[in-house]
Every structure is written in structure tokens, then in C-alpha cells.
Amino acid sequence: QVQLVESGGGLVQPGGSLRLSCTASGSIFSIRTMRWYRQAPGKARDLVAAITSGSTTNYTDSVKGRFTISRDNAKNTVYLQMNSLKPEDTAVYYCNAVIISASGTRISDYWGQGTQVTVSS
């Protein structure tokens, strides 16, 4: 019933910028916390940033000062602005959202399909 669709990934040089977007659609009553995770080859999937329904934010230490998470509730969309990118930021980035269904009977976590970000010269 609910789908998360991501966009904005790609290839960028060190020091460059990218903006990722993730839009939720379907039978949605409300969206609570939204998050971005990333997973590099051979490594675990780690939390990058989170934003609550009240727009309180949280970041992992390695991206503080470089990445910014934001949301547009009217569009059911979360963004991740990534500046001063480093090769170690290379990973598949996944969108995650806690969503209350339109029926009011279910609260569930949903995941996007992932989008590749590659930082290389």
C-alpha cells in the first residue's frame, strides 16, 4: 500500500555535492520519523541522519557539518543534502520512514529501494 521512491544518486568528484530525495505515496495517514541509511560493500547498514515529524534532526558524527536532512510534509518527501563529499561516503543510500496507514490500524517501517552514491576522481 505504501511505496518509497528515491532519486538523486550518481557519480561525483571529491568535494562535490548531491541532493537525495525520497517521496512516500499510497494509503498514508501521517509520516512520523524519516531516516537515511547507507551501506558500503562488505559493511553493515548504518544510520546517517534522522528527522522527526517536528523537524528535530540527528546525524552520525562522520557527516556532521557536511550533510543536512530536511522534509516537506506537504509533499511527503525527505531530502539529504550532501556537501564536501569524500570517497568514504561512497555507498548505497536507503530511505526509511515510520508511517501510520490511512485506515488508522497499522504503524509500519518502510524502505526505499536504495540509490548508489559514488565519490571518485
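The structure we're discussing is the one just above.
Residues numbered from 1 in each chain as written. Predicted model: local features only at pLDDT ≥ 70, side-chain atom pairs only at ≥ 80, totals over all residues. Heavy atoms only, no water.

1. Things to note about the overall build of the chain
For step 1, the next point in the chain: A count of helical and extended segments in the chain gives zero helices and 11 strands.
For step 2, the next point in the chain: Listing every helix and strand of the chain by position from the N terminus yields β-β-β-β-β-β-β-β-β-β-β.
For step 3, the next point in the chain: For the chain, whose C-alpha radius of gyration is 14 Å, the value lies close to the compact-globule estimate of 14 Å for 121 residues.
For step 4, the next point in the chain: Across its three principal directions, the C-alpha atoms of the chain cover 50 × 25 × 25 Å.
For step 5, the next point in the chain: Counting across all 121 residues of the chain, residues that qualify as buried make up 41%. (Helix = DSSP H or I, 4+ residues; strand = E, 2+ residues; numbered from the N terminus. Rg over C-alpha atoms; globule rule 2.2 N^0.38 Å. Buried < 20%, exposed > 50% of the residue type's maximum accessible area, 1.4 Å probe, protein only.)

2. Some points on the sheet that holds strand β3 (residues 18-26)
For step 1, the next point in the chain: Reading across the sheet, the four strands line up as β1-β3-β8-β7 and stay open at both edges, with antiparallel pairing between neighbours. At either end of the open sheet lies a strand with only one pairing partner, and these are β1 (2-7) and β7 (67-72). Geometrically, the sheet is characterised by an average inter-axis angle of 15 degrees between neighbouring strands, direction not taken into account.
For step 2, the next point in the chain: By the bridge criterion, six bridges tie β3 to strand β8 (residues 77-82) in an arrangement that is antiparallel. Paired with L18 across the two strands is M82, which belongs to β8. (Pairing = 2+ DSSP bridges. Axes fitted to C-alpha atoms, helices over the stretch in contact; angles between N-to-C directions.)

3. Comments concerning the pairing of strand β9 (residues 91-101)
For step 1, the next point in the chain: In terms of burial, β9 is largely enclosed, as 10 of its 11 residues are buried.
For step 2, the next point in the chain: In terms of strand pairing, strand β4 (residues 28-39) meets β9 through nine bridges, oriented antiparallel. Residue pairing for β9: W36 is matched across the bridge by C95.
For step 3, the next point in the chain: Two strands pair when backbone bridges link them, and β9 and strand β11 (residues 115-119) are joined in this way by three bridges, in the antiparallel orientation. Of the residues in β11, the one forming a bridge with Y93 is T115.
For step 4, the next point in the chain: Looking at chain direction, β9 and strand β10 (residues 107-111) are connected through five bridges and run antiparallel. Along β10, the bridge assignment pairs V98 with D109.
For step 5, the next point in the chain: Counting the residues between successive antiparallel strands, the hairpin from β9 to β10 contains five residues, one of them, G104, with a positive phi of roughly 80 degrees.

4. With respect to the state of the cysteines
For step 1, the next point in the chain: Under the counting rule described, the total for this entry stands at one disulfide.
For step 2, the next point in the chain: Bridging C22 to C95, the disulfide has an S-S length of 2.2 Å. Measuring the twist about the S-S bond at about -80 degrees, one finds the C22-C95 disulfide to be left-handed. Placement of the pair is C22 in strand β3 and C95 in strand β9, with a sequence separation of 73 residues. (Disulfide = S-S within 2.5 Å.)

5. What about the pattern of salt bridges?
For step 1, the next point in the chain: Tallied over the full model, the rule gives four salt bridges.
For step 2, the next point in the chain: Between D89 and R38 there is a salt bridge whose closest N-O contact spans 3.0 Å. In this pair, D89 is assigned in the loop between β8 and β9 and R38 in strand β4, connecting sequence segments 51 residues apart.
For step 3, the next point in the chain: Among the residues examined, R38 registers a relative accessible area of 14% and is labelled buried.
For step 4, the next point in the chain: A salt bridge links D61 to K64; the shortest N-O distance between them is 3.0 Å.
For step 5, the next point in the chain: Because the salt bridges share partners, they merge into one network encompassing R38, R66 and D89. (Salt bridge = Lys/Arg side-chain N within 4 Å of Asp/Glu carboxyl O.)

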